[in-house]
Amino acid sequence: MIYLDHAATTGMEAEAVSAMLPFLSERYGNPSAVYQIAAKSRAAVAKARKQAASVIDADPSEIYFTSGGTESDNWAVTAAFEAAGGRGHIITTAVEHPAVLRVCEYLERERGARVTYLPVDRDGYVEPEAVFRAIRRDTVLVSVMAANNEVGTVEPVYRIASELRGRGILFHTDAVQAFGHIPLSVKDTGIDLLSASGHKFGGPKGTGILYIRRGVHIGSLLRGGAQERNRRAGTENVAGIVGLGAAAEIAKRHMEERGRYVRALRDRFAHRILAEIPFCHLNGAQKNGLPGTVNVTVDYVSAESALIMLDMKGICASGGSACSSGSLNPSHVLLAMGRSAEEAKSTIRFTLGYDNTEEDTDTAVEALSGIVRQLRAMSPKYEQRVSGDHRNG
Ligand SMILES: *Cc1c(COP(=O)(O)O)cnc(C)c1O
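Note that the structure is predicted; figures quoted are calculated from it, not measured. (Residues numbered from 1 in each chain as written. Predicted model: local features only at pLDDT ≥ 70, side-chain atom pairs only at ≥ 80, totals over all residues. Heavy atoms only, no water.)

### Topic: the overall build of the protein chain
Thought 1: A tally of regular secondary structure across the protein chain gives 13 helices and 12 strands.
Thought 2: Taken against the 2.2 N^0.38 rule, which gives 21 Å for 393 residues, the C-alpha radius of gyration of the protein chain at 22 Å falls within 12% of a compact globule.
Thought 3: The contacts of the protein chain with a sequence gap of at least 6 include a subset with a gap of at least 24, amounting to 73%.
Thought 4: Carbon and sulfur atoms form 52% of the exposed surface of the protein chain, whose accessible area is close to 17200 Å².
Thought 5: Across the protein chain, 45 positive and 45 negative side-chain charges occur, with their mean positions spaced 5 Å apart. (Helix = DSSP H or I, 4+ residues; strand = E, 2+ residues; numbered from the N terminus. Rg over C-alpha atoms; globule rule 2.2 N^0.38 Å. Contact = heavy atoms within 4.5 Å. Areas by Shrake-Rupley, 256 points an atom, 1.4 Å probe, with all protein chains shown as cover. Lys, Arg positive; Asp, Glu negative; His and termini not counted. Charge placed at Lys NZ, Arg CZ, Asp CG, Glu CD.)

Okay, here's the thing in structure tokens:
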């Protein structure tokens, strides 16, 4: 199998798995209890909090463990809105993950929130000026993702956050794709809330964090016990938290060298696709993008068919995103970037990881090239285009 879908999820770091194991067997103490095995669990959670905090230069006391990116996004957006009295205006973007978009739509529909969904340019880039122009007297929250999960574009979150400082507007960023992959720091930035997810950087699924800057007062999403300093109820997922912490430490330690490796691999892969398969276009910011993302529109080819054929050759890739594949809707991200529904349905996302090799990507290019030839041979539109081009010289 050749796995080229790291934005959907990553395999776990072996070290993170082994760090978790004792907490799935003999170290089962509830961190809130008083006896010694409870203290071991408590210490393990505290260590993981430090490890996660260190990736973004936060203080451990600003890290709250959750069940994943989705919960963190739901918590941040909902609680920020409620902290402002449950009324007001939210600014977000048209290219956010559904974990932000659906929550904004819910607040709009059921809770009277006013929401601005900012457009993006052809590369999926949010103009900071557009954010500033959208600010109103009643704006209470701005939520802009750190990097896009479909096209990899890295958004100008520092510029936006610093502009919002001291204006009484909270700034949240969904950093699920950025955390542990590209340098990210909350120190002196004006970022108030930041979401990350364990399984996107070598940790276990069902684990995440919400960073809440010290001094930011938002309520809870889950109410109940006093865990997570009264802010996130429920007995801690100790093993999961330990796995997330270990993966965070490894990701931080290797970020630079892995980033460099993956980017070189990605550039070579993208270059070969463009050179060897005609009528292909890359989507997303190429220079200012995530190291491993290759989002490519292959004209006259149904991505759905191509993905099935790639799978038959043991190659895992996605349409727009893992969450939307299986649905017939074209990617909202590509539509917001000005692509047609037809282009969106001809788009494949490959996301590489440091465990991929040149052999993997070479095999993928050759497989894709053959599949594209096969599918285009059945496409009347393609026939028209090539014969048309021929006539035009
Ligand atoms: C994967 C993802 C999420 C959701 O995270 P889960 O841990 O799977 O719930 C949210 N935002 C972005 C940008 C993602 O890529």
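After that view of the structure, there is still more to cover.
### Topic: the site of the ligand
Thought 1: What surrounds the ligand is a group of 13 residues, the closest being Thr70, Asp174, Gln177, Ser197 and Lys200.
Thought 2: Contacts to the ligand include aspartate 174, whose side-chain N or O atom sits 2.7 Å from a nitrogen atom.
Thought 3: For the ligand, an oxygen atom lies 2.7 Å from a polar atom in the side chain of glutamine 177.
Thought 4: If the ligand stood free it would expose 380 Å²; the protein chains cover 88% of that surface.
Thought 5: At 3 residues, helix α3 (residues 69-83) tops the list of elements feeding residues into the shell around the ligand.
Thought 6: Among the residues forming the shell around the ligand, the class breakdown is 2 nonpolar, 8 polar and 3 charged. (Near = heavy atom within 4 Å. Polar contact = N/O pair within 3.5 Å; in protein donor to acceptor, adjacent residues only side chain to side chain. Nonpolar A, V, L, I, M, F, W, Y, C, P; charged D, E, K, R; others polar.)

### As for the domain arrangement of the protein chain
Thought 1: Parsing the protein chain into structural domains produces domain 1 (13-251) and domain 2 (254-388).
Thought 2: Here domain 1 and domain 2 have C-alpha centroids that lie 29 Å from each other.
Thought 3: On the domain 2 side, the residues contacting the 29 residues of domain 1 number 25 residues.
Thought 4: Of the roughly 2100 Å² buried where domain 1 meets domain 2, counting both sides, 54% is carbon and sulfur surface.
Thought 5: Sorting the residues of domain 1 by area buried against domain 2 places Arg122, Glu150 and Val151 first, and these three jointly supply 34% of that buried surface.
Thought 6: Here domain 1 is connected to domain 2 by 1 salt bridge. (Domains from an automatic or database assignment. Buried area = accessible area lost by both parts, 1.4 Å probe. Salt bridge = Lys/Arg side-chain N within 4 Å of Asp/Glu carboxyl O.)

### Focus: the nonpolar core
Thought 1: With 63 residues, the main nonpolar core has Ile56, Ile63, Val142, Phe171, Phe179 and Leu194 as its most contacted residues.
Thought 2: Sorting elements by how many residues they give to this core places helix α8 (residues 238-276) first, with 10 residues.
Thought 3: In this structure, this core is formed jointly by two domains, domain 1 (13-251) and domain 2 (254-388), each of which donates at least three residues.
Thought 4: Not counting the four nearest positions on each side in its chain, leucine 194 is found in contact with Ile56, His172, Thr173, Ala175, Phe179, Leu184, Val186, Ile209, Leu210 and Tyr211. (Core = buried A, V, L, I, M, F, W, Y, C linked by side-chain atoms within 4.5 Å. Buried < 20%, exposed > 50% of the residue type's maximum accessible area, 1.4 Å probe, protein only.)

### Describing the pairing of strand β4 (residues 114-118)
Thought 1: In this structure, strand β3 (residues 89-93) lies alongside β4, joined through 5 bridges in parallel fashion. The residue bridging threonine 92 from the neighbouring strand is tyrosine 117, located in β4.
Thought 2: Crossover β3 to β4 through helix α4 (residues 98-111) is right-handed. (Pairing = 2+ DSSP bridges. Right-handed = clockwise from strand over helix to strand, strands pointing away.)

### Some remarks on the side chain of threonine 207
Thought 1: Within the fold, threonine 207 resides in the loop between β7 (193-197) and β8 (208-212).
Thought 2: When near neighbours in sequence (up to four residues on either side) are disregarded, threonine 207 contacts Thr66, Ser67, Gly68, Ser197, Gly198, His199, Asn237, Gly240, Ile241 and Leu244.

### Describing the sheet that holds strand β12 (residues 347-351)
Thought 1: The 3 strands lie next to each other as β9-β10-β12, forming an open sheet whose pairing is antiparallel. Both edges of this open sheet fall to β9 (280-283) and β12, since each of them pairs with a single strand only. Across the sheet, the mean angle from the axis of one strand to that of its neighbour is 30°, orientation sign disregarded.
Thought 2: Across 4 bridges, the pairing between β9 and strand β10 (residues 293-298) is antiparallel. Paired with cysteine 280 across the two strands is valine 298, which belongs to β10.
Thought 3: Against the sheet, α8 engages β9, β10 and β12, with an angle of about 10° to β10. (Axes fitted to C-alpha atoms, helices over the stretch in contact; angles between N-to-C directions.)

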